[in-house]
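Examination of the molecular architecture
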Amino acid sequence: MQNKNQVVIYGRHAVFAALANPQRSIVRVVCLKENAAELRGRIGEKKLSVVERRELEKMLPREAVHQGMAAVAEMLPGISLEELCEKAREKENCHLLVLDQVTDPQNIGAIIRSCAAFDALALMVQDKNSPQESGAMLKAAAGTFELLPVCRVTNLSRAVEKLKKYGRLCQNRRFGFAKRRQTGGDYGQRRRRHASSGGGNLRSDGAAADQSGGGKPERFDRGGGGAVRIKPEIGDDDAGKC
């Protein structure tokens, strides 16, 4: 049994990324016989166990797509707001995505994947209203959870005010309505994205509704919405940034 500070990671990309991350402490790896060869060399033999499928699936949520492997590991330490601000100083162009009341682990994992694809600096969430690191979240992130620092804060409003004091341009986008509020002065290319959720599935705006051919907006999950909201903000000067 794992303790409350441990997570069971499953799926090829998630497990391989965890094994390659020097900051990730691996307790043990469990796999099926046909997957043992590709795991040997990535983890010491003492930590690798070859088991039957039924034993592997007992460790995981029902119907989890494990691809024949799972790893029990310590959860990654988060990054503090102070560390995040210092990290931002090292990059002339950087972006931070803030999530408010997005509670589905798979949606958060998909958003993390989008953030990593667009080279975001970090993801910020409210500690009380956001799920802890989980196997479902890491599976949806497809290995990118190991690449993106996550900053958990007690109060998002106070955290945002602190970001503004550090000279960060703050933009507010509420999923479903694409509202935008820009505060503060011109602080170059450092930006914060704020995505919030009012419950239910994420709804896209009119552009996607036109593509669907119907009068009602097409429905997406929030992971896809994270990519939709991030991408339009990227200009010619910061292509590839989140």
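Structure report, in brief. (Residues numbered from 1 in each chain as written. Predicted model: local features only at pLDDT ≥ 70, side-chain atom pairs only at ≥ 80, totals over all residues. Heavy atoms only, no water.)

**Some words on the overall build of the chain**
- Along the chain, the regular secondary structure elements total nine helices and 12 strands.
- Taken across its 242 residues, the chain has 48% of its residues classed as buried.
- For the chain, restricting intrachain contacts to residue pairs at least 6 apart in sequence, the fraction spanning at least 24 positions comes to 68%.
- Roughly 13,000 Å² of accessible area belongs to the chain as shown, and the carbon and sulfur atoms make up 46% of that amount. (Helix = DSSP H or I, 4+ residues; strand = E, 2+ residues; numbered from the N terminus. Buried < 20%, exposed > 50% of the residue type's maximum accessible area, 1.4 Å probe, protein only. Contact = heavy atoms within 4.5 Å. Areas by Shrake-Rupley, 256 points an atom, 1.4 Å probe, with all protein chains shown as cover.)

**Here we look at the side chain of Thr144**
- With respect to the helices, strands and loops of the structure, Thr144 is situated in the loop between α6 (135–141) and β7 (150–153).
- If we ignore the near neighbours within four places in the chain, the residues touching Thr144 are Ile112, Arg113 and Ala116.

**Some words on the state of the cysteines**
- Per the stated rule, a full pass over the model turns up zero disulfides.
- Looking at the unpaired Cys151, the closest cysteine sulfur is the one in Cys85, lying at 8.3 Å. (Disulfide = S-S within 2.5 Å.)

**Things to note about the sheet that holds strand β1 (residues 6–10)**
- If you trace the four strands from one edge of the open sheet to the other, you get β1-β4-β2-β3, paired in mixed fashion. Edge positions in the sheet fall to β1 and β3 (48–50), since each has one partner strand and no second. Averaged over neighbouring strand pairs, the angle between their axes works out to 20° when direction is ignored.
- Of the strand pairs in this sheet, β1 and strand β4 (residues 69–74) are connected by five bridges, and their pairing is antiparallel. Directly across from Val7, in β4, lies its bridge partner Ala73. (Pairing = 2+ DSSP bridges. Axes fitted to C-alpha atoms, helices over the stretch in contact; angles between N-to-C directions.)

**Topic: unusual backbone geometry**
- A positive phi angle is found at Gln67, which is not glycine, with a value near 55°.
- Here Gln67 lies in the loop between α3 (53–58) and β4.
- Phi at Gln101 takes a positive value of approximately 60°, unusual for a residue other than glycine.
- Tracing the backbone through its elements, the reader meets Gln101 in the loop between β5 (95–100) and α5 (105–117).
- Look at Gln101 and you get partly exposed, because its relative accessible area is 44%.

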